[in-house]
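# Understanding the architecture of this molecule
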Amino acid sequence: MLILLPPSEGKTPAVRGPAVDWSTLSFPALNTHRATVLEALGTVSAHQDALALLGVGASLQDDVDRNTRLHAEPAAPAHQIYSGVLYDALGYRSLTPAQRRKADQSVLVISALWGAIRFGDSVPAYRLSMGTALPDVGRLASFWKPQLSAALAPELADHLLVDCRSSTYAAAWAPPSDRTVAVNVFTEVAGVRKVVSHFAKHTRGELAQHLLARRGNAPATPAALLKAARERWDAELVPGTVRKPHALNIILPN
């Protein structure tokens, strides 16, 4: 089982430590493409219109300035850098040492800068969204799609993929539909279902935590994932098609 997560928009910079060591990152075939994005990001972030080009507000000026020196910024494991609703709900620090080792190998973050990294990979904090278009690179989801398909497909064979990504990051890579389960979260009122973004992020984080911390074998099939989810939630499984992944729908009480 592998759990696919989006990065958090906000990140917690490492206070000290060495800079990113590219040779230690998972999926080294992506390093050339990572370097291309990193160079383009540094150039854009140094531009006088950087905030507008990156689609962020003035309160994030420090984050954008940091983008210009990422080669030298301190790096830390991804589970420390990424923060926010989903990652708070996952609660890496609450896991046992054995569960943390499982998380480091089982969680993949699909990133606008790094393409894909594992939870234990050390990277610096950065500011970049998958929906951004960079000069000489283009829209990042389109840039990464063929690169991720080539790099990840042979590495992820035979794994069940639990897809907790947002639509923005799901656009960057479509894993094999027969082995992928997209996680959706709904509230239901008078028989009408609604998606609530905040609760969806929180519940996806809780699902990831549950799958990492529960006893027994990790789910290896969509049906086994449904059974595991029902240990905590009202849930249903919608079978996939040749082009569309399975869907795990978690229904929260109103």
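Everything that follows concerns the structure shown earlier in this document.
In what follows, the accompanying structure is described. None of these values were measured; they are calculated from a predicted model.

Scanning the chain from terminus to terminus reveals 10 helices and 12 strands. On C-alpha atoms alone, the chain measures out to a radius of gyration of 18 Å, which is about the 18 Å that the 2.2 N^0.38 rule sets for 254 residues. Overall size of the chain, expressed as C-alpha extent along the three principal axes, is 50 × 40 × 35 Å. Burial analysis of the chain (254 residues in total) assigns 51% to the buried set. Sequence-distant contacts in the chain: of pairs separated by 6 or more residues, those separated by 24 or more amount to 67%. If you sum the accessible surface of the chain, you get close to 12,000 Å²; carbon and sulfur atoms cover 52% of it. Considering the chain, the positive charge centre built from 26 side chains and the negative charge centre built from 21 side chains are found 6 Å apart.

Located in the positive-phi region is Phe27, a residue other than glycine, with phi close to 55°. Structurally, the position occupied by Phe27 is in the loop between β1 (2–5) and α1 (31–45).

Alignment of strand β3 (residues 107–111) against strand β4 (residues 115–118), held across 4 bridges, turns out to be antiparallel. Paired with Val109 across the strands is Ile117, a residue of β4. Connecting β3 to the next strand, β4, in antiparallel fashion are 3 residues.

Right, let's get into the packing of α1 against helix α7 (residues 140–152). What describes two packed helices is the angle between their axes and the distance between those same axes. Where α1 contacts α7, the two axes come as close as 11 Å, and the packing angle between them is 170°. Classed by the angle they form, the pair α1 and α7 counts as roughly antiparallel. Handedness of the crossing formed by α1 with α7: right-handed. Along the contact surface, α1 presents His33, Arg34, Thr36 and Val37, while α7 presents Leu140, Phe143, Trp144 and Gln147. Across the contact of α1 with α7, the residue classes break down as 4 nonpolar, 3 polar and 1 charged.

Counting across every chain of the model gives 6 aromatic pairs. Between Tyr87 and Phe119 the ring centres are 6.0 Å apart and the planes differ by 35°, which places this aromatic pair in the tilted class. Placement of the pair is Tyr87 in helix α5 (residues 85–90) and Phe119 in the loop between β4 and β5 (122–123), with a sequence separation of 32 residues. As far as burial versus exposure is concerned, Tyr87 and Phe119 are alike and both buried.

Mapping His246 onto the fold places it in strand β12 (residues 246–252). The class of His246 is buried, set by a relative accessible area of 16%. Side-chain polar atoms of His246 contact the backbone oxygen of Asp178, separated by 3.4 Å. If we ignore the near neighbours within four places in the chain, the residues touching His246 are Ser177, Asp178, Thr180, Val181, Ala182, Pro222, Leu237, Val238, Pro239 and Gly240.

On to the pattern of salt bridges. If you walk through the whole model with that rule in mind, you get 9 salt bridges. Notably, a salt bridge pairs Arg66 with Glu73, separated by 3.8 Å at the nearest N-O pair. The same class applies to Arg66 and to Glu73, which are both buried. Here Glu188 and Arg193 are joined by a salt bridge, their closest N and O atoms 2.9 Å apart. Assessed through its relative accessible area of 34%, Arg193 is described here as partly exposed. If you follow the salt bridges from partner to partner, you end up with Asp63, Arg66, Arg69, Glu73 and Arg127 in one network.

This part takes up helix α10 (residues 222–229). Note: α-helices contain 3.6 residues per turn, so residues at a spacing of three or four share the same orientation. All buried positions along α10 are accounted for by Pro222, Leu225, Leu226, Ala228 and Ala229. Buried residues along α10 cover an arc of 160° about the axis, so they all sit on one side. Opposite the buried face of α10, at more than 90 degrees from it, the exposed residues are Ala223 and Lys227.

Conventions we followed
- Residues numbered from 1 in each chain as written.
- Predicted model: local features only at pLDDT ≥ 70, side-chain atom pairs only at ≥ 80, totals over all residues.
- Heavy atoms only, no water.
- Helix = DSSP H or I, 4+ residues; strand = E, 2+ residues; numbered from the N terminus.
- Rg over C-alpha atoms; globule rule 2.2 N^0.38 Å.
- Buried < 20%, exposed > 50% of the residue type's maximum accessible area, 1.4 Å probe, protein only.
- Contact = heavy atoms within 4.5 Å.
- Areas by Shrake-Rupley, 256 points an atom, 1.4 Å probe, with all protein chains shown as cover.
- Lys, Arg positive; Asp, Glu negative; His and termini not counted.
- Charge placed at Lys NZ, Arg CZ, Asp CG, Glu CD.
- Pairing = 2+ DSSP bridges.
- Axes fitted to C-alpha atoms, helices over the stretch in contact; angles between N-to-C directions.
- Parallel < 35°, antiparallel > 145°, perpendicular 65-115°, else oblique.
- Left-handed = near helix turned anticlockwise from the far one by under 90°.
- Nonpolar A, V, L, I, M, F, W, Y, C, P; charged D, E, K, R; others polar.
- Phe/Tyr/Trp six-rings, centres within 6.5 Å; stacked < 30°, edge-to-face > 60°.
- Polar contact = N/O pair within 3.5 Å; in protein donor to acceptor, adjacent residues only side chain to side chain.
- Salt bridge = Lys/Arg side-chain N within 4 Å of Asp/Glu carboxyl O.
- Arc of directions from axis to C-beta.

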